[in-house]
Amino acid sequence: VQLQASGGGLVQAGGSLRLSCAASGRIFSINGMGWYRQAPGKQRELVATISSGGTTDYAGLVKGRFTISRDNAKNTVYLQMNSLKPEDTAVYYCNVDHVAWTGRRDNYWGQGTLVTVSS
């Protein structure tokens, strides 16, 4: 399974960006999908997750500003980011929990997409 993330870029504070992450390859079933981020000099942190049934969860710092969604037909997860702040600047990584036909579960990471918010 490969993940291709896109949508990052430079935006002014208060602006919006939409990230996408498409899974491809030998996909049988995808459970949870999520977005994480890592700012310079900091550890990677959870941003938002969405279950196969559509249940969402958000980090406190982004709740009310970010929205995670998924298109199961396209094996794609999205992150709509509004009211961006300079502290949202980070490399954003997508993550998926894949279940093979054997029942084996594997976790995959995308390559990361850089989001820079200027003040």
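Our structure is the block above this text.
Residues numbered from 1 in each chain as written. Predicted model: local features only at pLDDT ≥ 70, side-chain atom pairs only at ≥ 80, totals over all residues. Heavy atoms only, no water.

## What to know about the sheet that holds strand S8 (residues 76-81)
The strands making up a sheet are joined through hydrogen bonds of the backbone, oriented either antiparallel or parallel. Here is the rule: At least two bridges found by DSSP between two strands is the condition for calling them paired. Counting from the N terminus, the helices are the DSSP runs of H or I reaching at least four residues and the strands are the DSSP runs of E reaching at least two. Inter-axis angles, ranging from 0 to 180 degrees, are taken between N-to-C directions of lines fitted to C-alpha atoms, where helices are fitted over the stretch in contact.
Spatial strand order, S1-S3-S8-S7: four strands in an open sheet with antiparallel pairing. The strands lining the two open edges of the sheet, one partner per strand, are strand S1 (2-6) and strand S7 (66-71). Each strand of the sheet is rotated relative to its neighbour by a mean of 15 degrees, with strand direction disregarded. The pairing of S7 with S8 spans six bridges and is antiparallel. In the sheet register, Ile-68 faces S8, and the bridge partner there is Leu-79.

## Some points on the pattern of salt bridges
We count it as follows: By definition, a salt bridge exists where a carboxyl oxygen of Asp or Glu is found within 4 Å of a side-chain nitrogen of Lys or Arg. Relative accessible area decides the class of each residue, using a 1.4 Å probe on protein chains only: under 20% of the type maximum gives buried, over 50% gives exposed, and in between gives partly exposed.
Tallying each qualifying case throughout the model produces five salt bridges. Among the ionic pairs, Asp-88 bridges to Arg-65, the shortest N-O distance being 2.8 Å. Of this pair, Asp-88 sits in the loop between S8 and strand S9 (90-99) while Arg-65 sits in the loop between strand S6 (56-58) and S7; the two residues are 23 residues apart in sequence, bridging distant segments of the chain. Of the residues examined, Asp-88 reaches a relative accessible area of 1% and is grouped as buried. Here Asp-97 makes a salt bridge to Arg-105, at a shortest N to O gap of 2.2 Å. According to the relative accessible area criterion, Asp-97 is buried, its value standing at 12%.

## A look at the nonpolar core
In a soluble, globular protein the nonpolar side chains are often hidden away together inside. Using the following cut-off: The criterion is simple. A nonpolar core is a set of buried Ala, Val, Leu, Ile, Met, Phe, Trp, Tyr and Cys residues joined through side-chain atoms within 4.5 Å. Contacts are residue-level and defined by heavy atoms, with any inter-residue pair within 4.5 Å sufficient.
Of all hydrophobic cores here, the largest spans 29 residues; its most connected members are Trp-35, Leu-79, Met-81 and Tyr-92. If you list the elements that add at least two residues to this core, you get S1, strand S3 (17-24), strand S4 (29-38), strand S5 (45-50), S7, S8, S9 and strand S11 (113-118). Sequence-distant contacts of Leu-79, defined by excluding residues within four places in its chain, comprise Leu-17, Arg-18, Leu-19, Trp-35, Val-47, Ala-48, Phe-66, Thr-67, Ile-68 and Tyr-92.

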